[in-house]
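# Residue-level structure breakdown
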Amino acid sequence: MSFSRIIFALAILLNVEGCAVTAAAQDFPRKLIRIVVGFPPGVPADVMARILAPSLAEGLGQQVIVENKPGAGSSIAGDHVAKSDPDGHTLFMSSIANSVAHSANKVSYHLADDLAAVSLIADVPGVLVAHPSMPATLNEFVAAAKAKPGAYAFGSSGTGSSSHLFGELLNLNAGTKLLHVPYRGSSQTLTDLIAGRIQAFFSPASTVLEQIKAGNVRALAVMGEKRTPLLSDIPTFAEQGYQGFEAAFWFGLNVPSATPQTVVQRLNKEIVRVMALPDVREKLLSHTIEPTSSSPAAFDAFVRRDIEKWGRVVSAAGIKPE
């Protein structure tokens, strides 16, 4: 076959493939849509997926269901969606757990390269809580910890989890040597904190709010760019001189990386609309979840910065991926 005929054949093939992609995008959505959540029912990621699903279904004209695939800190779900058909019908509920996993654990996919960003959807305020016997402010707590290196311990929901890395970030920023005690989840961590077996815990505010109100634990600082209405009298880390805690427990939605941009943009448009609905916002806020949204490009840039940030923390803290 001559060179010109080869070029002509390739042009036809590319045109056919391009038409197929365009047709698929124009036909979207054409079937049931799944939001895959890497955590069990009842946790914030699952709650927000189930709150936004009905309104998202109404806008897209197709049923939207939530599918739970817990395990490996949400990495099993992330890998599943990354390998799904790139047609926009399978979405992944991503979170800070996935960005920290790239450095702190061994994962089989890349959050930013194998999944396309659609939109940030929520931020769950985070808080550093301590046993009531500990000093009343963050700076006093840090001073006490520095005076007795290795005497105080912080708990986490597992090695390489976000609650673990927040503690290591404080060690690096404040010069403390808080010991890390990993648990298999936040429930036992909180139980041992209340009992005084550990002295501190970085947690979503929703997990510890009632214990704070009851006086069983003491809030020292909140994560985020501004104070949360849930704990309006508790200053942020930044207000107390500590950087790197501006983003807390974020969540977003992604699709397989090869999904057509027209489909990504359609999904983004609907998600932005849904996250602005008064009833959706009210329901999320009642669960201490702060709704938000973003462009795909802004979310992609955010994710890549977050992966790099936690990579630096893992390296500086000497954490070995498991």
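These notes cover the structure that comes with them. From a predicted model like this one, the values you see are computed outputs, not experimental measurements.

## Details of unusual backbone geometry
- In this chain, F28 is followed by P29 through a cis amide linkage whose omega measures -10 degrees.
- Within the secondary structure, P29 sits in the loop between α1 (3-26) and β1 (33-37).
- One non-glycine residue, A72, adopts positive backbone phi at about 55 degrees.
- Looking at the secondary structure, you find A72 in the loop between β2 (64-68) and α3 (75-82).
- With a phi angle near 85 degrees, S74 is a residue other than glycine that sits in the positive phi range.
- Relative to the helices and strands, S74 is located in the loop between β2 and α3.

## A look at the nonpolar core
- Ranked by internal contacts, the top residues of the largest apolar core, which has 84 residues, are I35, M48, M93, I121, L170, F237 and F245.
- By residue number, the principal contributor to this core is helix α2 (residues 44-60), which donates 10 residues.
- With residues up to four places along the chain from it excluded, the contact list for I121 reads M48, L52, M93, F251, G252, L253, I271, M275, E290, P291 and T292.
- With 17 residues, the next largest nonpolar core counts V127, V129, Y183 and L209 among its residues.

## Concerning helix α7 (residues 186-195)
- Those residues of α7 not exposed but buried are T189, L190, D192 and L193. The buried residues of α7 occupy an angular sector of 165 degrees when the element is viewed end-on, so they sit on one face.
- In this fold, the buried residues of α7 make contact with β5 (126-130), β6 (153-156), β8 (200-204) and α8 (205-214).
- Once α7 ends, the next one or two residues include G196, with phi positive near 85 degrees.

## Some details on the layout of surface pockets
- Reported here for the largest pocket is a volume of approximately 1000 Å³.
- Within the residue set of the lining of the largest pocket, elements represented by two or more residues are α2, α4 (96-104), α6 (162-174), β8, α8 and β10 (249-256).
- Residue composition of the lining of the largest pocket, by class: 18 nonpolar, 18 polar and two charged.
- The space that makes up the second largest pocket amounts to roughly 420 Å³.
- Lining of the second largest pocket is provided by 21 residues; of these, D123, G224, E225, E246 and E290 occupy positions nearest its centre.
- Among the secondary structure elements, those contributing two or more residues to the lining of the second largest pocket are β4 (115-124) and β11 (290-291).
- It is β4 that provides the largest number of residues to the lining of the second largest pocket, a total of three residues.

Reading the values: rules and limits
Residues numbered from 1 in each chain as written. Predicted model: local features only at pLDDT ≥ 70, side-chain atom pairs only at ≥ 80, totals over all residues. Heavy atoms only, no water. Helix = DSSP H or I, 4+ residues; strand = E, 2+ residues; numbered from the N terminus. Core = buried A, V, L, I, M, F, W, Y, C linked by side-chain atoms within 4.5 Å. Buried < 20%, exposed > 50% of the residue type's maximum accessible area, 1.4 Å probe, protein only. Contact = heavy atoms within 4.5 Å. Arc of directions from axis to C-beta. 1 Å grid on protein atoms, 1.4 Å probe; cavity = no way out; pocket = protein on both sides within 12 Å on 5 of 7 lines; lining within 4 Å. Points joined across faces, edges and corners; volume = space filled by probe spheres on them. Nonpolar A, V, L, I, M, F, W, Y, C, P; charged D, E, K, R; others polar.

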